[in-house]
Amino acid sequence: MDADPAELLNVAYDAALEAGRFLIERRPRDLGVARTKSSPTDVVTEMDTGAERLLIEYLLGARPGDAVLGEEGGDRVAADGGASGVRWVIDPIDGTVNYLYDLPAWAVSVAAEMRGTVVAGVVHAPATGHTYTAVLGGGAQADGHPLQVGAGAPIAEALVATGFGYAAGRRARQAAVIAGLLGQVRDIRRVGSAALDLCTVATGQVDAYFERGTNYWDHAAGGLVASEAGAVVGGLRGAAAATAMVLAAPPGLFGPLHDLLVDLRADED
Ligand code: IPD
Ligand code: CA
């Protein structure tokens, strides 16, 4: 029998809170970069790897038959080949650069995928104490309060969050997109955590979010929070949200912003 998404959410929630406690309590004062990934600015700290290990131990301790996809390479295949159908998609610290600099906008992101569909997600921001949760078809919540986006601001009044990749070439193109967008919206925010950007679309603290180049673990849980709050979450030209593009906005804003991003060639490098 398939797992109950609400039970998966409980497991994800407890795991994310435990990882959050670890990341707050054990953060060294002299925290440094342990290694870099795709570019010298794409950093990993010892705490990313430690928190990922802790998450995996917690999740597979609770549900030994599941699989895991983790940002820091801690992937696990299901011991029995995947009979449970559940894969955990985890980002131990989304917003690692903020964590490194001791800025508060970083989050532990845990999503539960059932046969390829995200059915539950938690984005926990330990430094601010806020936790965002969602179950597919069951709505989204912030700290236990239901979330529902409005109709959507007119594009000229929209506060739009975005993010930039780690590769200099991609950033040059992203800068050109921002140059084209800035005069047409209220303003731009670059907070530094894709998972939290998606949750702030859900809470209405920004009007929309878009980014090219995020990984699945960056947007799996936050994407469900945004869509369960009533936002449209997708890519460009009818595509699903993916590395090519994630765009999240209330229904009335999604279309106008989508068309502008297409005009600005926001999904090109
Ligand atoms: C990054 C953050 C950032 C986004 C990058 C992501 P990381 O994740 O979400 O806001 O702009 O695209 O890679 O590296 O901090 O886990
Ligand atoms: Ca991330």
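As the structure is a computational prediction, the values presented were derived from the model and not from experiment.

## Looking at the environment of Ile90
Its location among the elements puts Ile90 in strand 4 (residues 86-94). In this structure, the C-alpha to C-alpha distance between Ile90 and Arg173, residues 83 residues apart in sequence, is 28 Å. Those residues within four positions of Ile90 in sequence are excluded, and the remaining contacts are Glu52, Leu55, Ile56, Leu59, Val68, Leu69, Gly70, Glu71, Ser109, Val110 and Trp217.

## Let's talk about the coordination of the calcium ion (ligand 2)
The coordination sphere of the calcium ion (ligand 2), as far as protein atoms go, consists of Glu71 (OE), Asp91 (OD), Asp94 (OD) and Asp218 (OD), spread over 2.1 to 3.0 Å. Given six donor atoms and angles of 60 to 158° at the metal, the environment of the calcium ion (ligand 2) is assigned as irregular. Expressed as a motif, the donor residue spacing for the calcium ion (ligand 2) is E-x19-D-x2-D-x123-D. Here the residue Glu71 occupies a position in the loop between strand 3 (67-70) and strand 4, and Asp94 occupies one in strand 4, the gap between them amounting to 23 residues.

## Focus: the packing of helix 1 (residues 5-25) against helix 2 (residues 46-62)
At a minimum axis separation of 9 Å, helix 1 and helix 2 run at an interaxial angle of 150°. The pairing of helix 1 with helix 2 is recorded here as roughly antiparallel in orientation. Crossing geometry of helix 1 relative to helix 2 is assigned as right-handed. Between helix 1 and helix 2, the residues in contact are Val11, Ala12, Asp14, Ala15, Ala16, Glu18, Ala19, Phe22 and Leu23 and Met47, Gly50, Ala51, Leu54, Leu55, Tyr58, Leu59 and Ala62, respectively. Tallied by class, residues from the contact of helix 1 with helix 2 come to 14 nonpolar, one polar and two charged.

## Some details on unusual backbone geometry
Generally, phi is negative for residues other than glycine and the peptide bonds are trans, each holding for most cases. In this structure, Asp102 is a non-glycine residue whose phi angle is positive, near 60°. Within the secondary structure, Asp102 is located in the loop between helix 3 (96-100) and strand 5 (107-114). In this structure, Arg237 is a non-glycine residue whose phi angle is positive, near 55°. Residue position: Arg237 is located in the loop between strand 13 (232-234) and strand 14 (246-249).

## What about the packing of aromatic side chains?
Going through the model one piece at a time under the given rule, you end up with one aromatic pair. Seen in terms of ring centroids, Tyr99 and Trp106 are 4.7 Å apart; in terms of plane orientation they differ by 80°. Their pairing is edge-to-face. Look at Trp106 and you get buried, because its relative accessible area is 4%. Seen from the ring of Tyr99, Arg27 lies directly overhead, with NZ or CZ sitting 5.4 Å from the centre.

## Here we look at the sheet that holds strand 11 (residues 187-189)
Taking strand neighbours across the sheet as the criterion, the five strands line up as 11-10-12-14-13 in an open arrangement whose pairing is mixed. A strand with exactly one partner marks an edge of an open sheet, and here the two such strands are strand 11 and strand 13. Strand-to-strand, the axes of this sheet are offset by a mean angle of 20°, without reference to chain direction. As judged from the three bridges shared by strand 10 (residues 159-162) and strand 11, these two strands associate in the parallel manner. In the strand pairing of strand 11, Val160 is matched with Ile188. Packed on one face of the sheet, helix 5 (residues 194-203) meets strand 10, strand 12 (208-211) and strand 14 and runs near 150° to strand 12.

Rules of the game
Residues numbered from 1 in each chain as written. Chains lettered and ligands numbered in written order. Predicted model: local features only at pLDDT ≥ 70, side-chain atom pairs only at ≥ 80, totals over all residues. Heavy atoms only, no water. Helix = DSSP H or I, 4+ residues; strand = E, 2+ residues; numbered from the N terminus. Contact = heavy atoms within 4.5 Å. Donors = N, O, S within 2.8 Å, 3.2 Å for Na, K, Ca; no water. Tetrahedral: all angles 85-135°; square planar, octahedral: opposite > 155°, others 65-115°. Axes fitted to C-alpha atoms, helices over the stretch in contact; angles between N-to-C directions. Parallel < 35°, antiparallel > 145°, perpendicular 65-115°, else oblique. Left-handed = near helix turned anticlockwise from the far one by under 90°. Nonpolar A, V, L, I, M, F, W, Y, C, P; charged D, E, K, R; others polar. Phe/Tyr/Trp six-rings, centres within 6.5 Å; stacked < 30°, edge-to-face > 60°. Buried < 20%, exposed > 50% of the residue type's maximum accessible area, 1.4 Å probe, protein only. Lys NZ or Arg CZ within 6 Å of the ring centre and 35° of its normal. Pairing = 2+ DSSP bridges.

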